[in-house]
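Report on the structure
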Amino acid sequence: MDRNNAVEKKFTRFRVLIIGRANAGKTTILQRVCKTTEVPQVRDKYGKKVIGLALLDRKLQRGEHDIENEIMFRSNPRYVFHDSRGFEAGRVDELKKVESFLEGRAKAPKLADRVHAIWYCIPMTDRARALTTAEDTFFSRCGTSDVPVIAVFSKMDGLDAVAYQQLRKEGKNKLDAKSMAPERAMKIFDSGDYVQHLLAMKYPPLDHVCLREMDKENADCRGLIECTAAALKDETLEKLLVSTQQTNMGICITYAINRTLRRYLGFNTKQLQSLTSKHGWQLQKELAAWFPHVLVSPK
């Protein structure tokens, strides 16, 4: 067994720290990523179930909170999430907790216990206050070492009302204004320089994604998964994330082709024939690694 296969067998959970203020829609995003509507299970670092912290809504976030708690969904236990409340009202205590948490996790001897990605959620329900002192504090003071940070602009449909009013003033009828609102909302977002503001910080995000209508069960999280996978520097981590997500088979296919099949397609026709006869089963296993829920067996 080669080193990568040995690591993959031990490395079965993808761990994400999700950060954001109380109204950022974090719980809903996690539900969509895990393709479920169920209430998450929360356990402390010792594996004991935590009572009363099942939801990450505004009311609970104002109460007892521990960033070390592990948040998981029965529908997809290969994802492990940790929640930070954000850094509202200029408070630095939560920032110190995040820095200490990341430092401690980075020293974990097991890869599965380390944090693999950070999703920083920024709700667009109020474009005038989308970026606050909280975001400036994190992106200017919190270095995350090798852990990639993705800025997640959530609740993008919050800009639709503004877009709709603009279109109506321009003479569009109600039906056209409603259908054109999402596209106009993106133009409003782009004109706000939100991304440029974050990129100018000392510790900017590696990428960003815009999410809308996450309250709908069929909401698409592909962009978030793709951004995160592209930000990872290790193919083992990429494979873990892509194979863990269950919302889009197309992502698995894309990475299976780009990361595995292309290595074999570099051969000429005669070499490919020899490769297929000698290493066909190995090729099948490598491709199947991106699809852990599919059983592949030799003839």
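Residues numbered from 1 in each chain as written. Predicted model: local features only at pLDDT ≥ 70, side-chain atom pairs only at ≥ 80, totals over all residues. Heavy atoms only, no water.

A separate point is the overall build of the chain. Scanning the chain from N- to C-terminus turns up 12 helices and seven strands. The buried share of the chain, reckoned over its 299 residues, is 44%. Contacts spanning at least 24 positions in sequence make up 71% of the contacts within the chain whose residues lie at least 6 apart. A total of about 16,100 Å² of accessible surface is found on the chain, and carbon and sulfur atoms cover 51% of it. (Helix = DSSP H or I, 4+ residues; strand = E, 2+ residues; numbered from the N terminus. Buried < 20%, exposed > 50% of the residue type's maximum accessible area, 1.4 Å probe, protein only. Contact = heavy atoms within 4.5 Å. Areas by Shrake-Rupley, 256 points an atom, 1.4 Å probe, with all protein chains shown as cover.)

Right, let's talk about the packing of aromatic side chains for a bit. What the rule picks out here adds up to eight aromatic pairs. Note on Tyr120 and Phe139: the rings are 5.1 Å apart at their centroids and 50° apart in plane angle, and the pair reads as tilted. Here Tyr120 is found in strand 5 (residues 117-123), whereas its partner Phe139 is found in helix 5 (residues 133-141), with 19 residues between them in sequence. Under the relative-accessibility criterion, Tyr120 is labelled buried at 0%. When the ring of Phe138 is compared with that of Phe139, the centres are 4.9 Å apart and the planes differ by 90°; the resulting orientation is edge-to-face. Here Phe138 matches Phe139 in class, with each residue buried. (Phe/Tyr/Trp six-rings, centres within 6.5 Å; stacked < 30°, edge-to-face > 60°.)

Note that soluble globular proteins tend to have their nonpolar side chains buried in a common cluster. Counting 36 residues, the largest nonpolar core has Phe14, Val33, Phe81, Trp119, Val152 and Leu224 as the members making the most contacts within it. Listing elements by their share of this core, those giving two or more residues are strand 1 (14-19), helix 2 (26-33), strand 4 (79-84), strand 5, strand 6 (149-154), helix 9 (222-231), helix 10 (235-244) and helix 11 (249-265). Ranked by residues supplied to this core, first place goes to helix 9 with five residues. One finds Leu95, Phe101, Phe139 and Leu159 within the second-largest nonpolar core, a separate group that totals 32 residues. (Core = buried A, V, L, I, M, F, W, Y, C linked by side-chain atoms within 4.5 Å.)

This part takes up the pattern of salt bridges. If you walk through the whole model with that rule in mind, you get 12 salt bridges. For Arg15, the salt bridge goes to Asp113, with nearest N and O atoms at 3.7 Å. Here Arg15, found in strand 1, pairs with Asp113, found in the loop between helix 4 (93-106) and strand 5; they are 98 residues apart in sequence, far enough to count as distant. Given a relative accessible area of 0%, Arg15 falls into the buried group. We classify Asp113 as partly exposed; its relative accessible area is 28%. Glu213 is paired through a salt bridge with Lys216; the nearest N and O atoms lie 3.5 Å apart. The class of Glu213 is partly exposed, set by a relative accessible area of 29%. Overlapping salt bridges, with partners in common, bring together Arg13, Arg15, Glu70 and Asp113 in one network. (Salt bridge = Lys/Arg side-chain N within 4 Å of Asp/Glu carboxyl O.)

This paragraph deals with unusual backbone geometry. Even without a glycine there, the phi angle at Asp193 is positive, about 60°. Looking at the secondary structure, you find Asp193 in the loop between helix 7 (174-191) and helix 8 (194-199). Positive phi, close to 55°, is recorded for Glu213, a residue that is not glycine.

This next bit is on the pairing of strand 4. Judged by how many residues are buried, strand 4 sits mostly within the fold: six of six residues are covered. The two faces of strand 4 match: Tyr79, Phe81 and Asp83 on one face and Val80, His82 and Ser84 on the other face are all buried. The sheet contact formed by strand 1 and strand 4 spans six bridges and is parallel. Within strand 4, the position partnered with Leu17 by the bridge is His82. (Pairing = 2+ DSSP bridges.)

Further remarks concern the environment of Met72. Tracing the backbone through its elements, the reader meets Met72 in strand 3 (residues 70-72). Residues Met72 and Gln41, spaced 31 residues apart in sequence, show a C-alpha to C-alpha distance of 5.3 Å. Excluding its chain neighbours within four sequence positions, the residues that come into contact with Met72 are Arg13, Pro40, Gln41, Pro77, Tyr79 and Val80.

The contact between helix 6 (residues 160-169) and helix 7 brings their axes to 7 Å, and the two run at 120°. The pairing of helix 6 with helix 7 is recorded here as oblique in orientation. Helix 6 and helix 7 meet at a crossing whose hand is right-handed. Every residue of helix 7 that contacts helix 6 at Asp160, Val162, Ala163, Tyr164, Gln166, Leu167 and Arg168 is listed here: Lys174, Ala177, Lys178, Met180, Ala181, Pro182, Arg184, Ala185 and Ile188. Residue classes in the contact of helix 6 with helix 7 are distributed as 10 nonpolar, one polar and five charged. (Axes fitted to C-alpha atoms, helices over the stretch in contact; angles between N-to-C directions. Parallel < 35°, antiparallel > 145°, perpendicular 65-115°, else oblique. Left-handed = near helix turned anticlockwise from the far one by under 90°. Nonpolar A, V, L, I, M, F, W, Y, C, P; charged D, E, K, R; others polar.)

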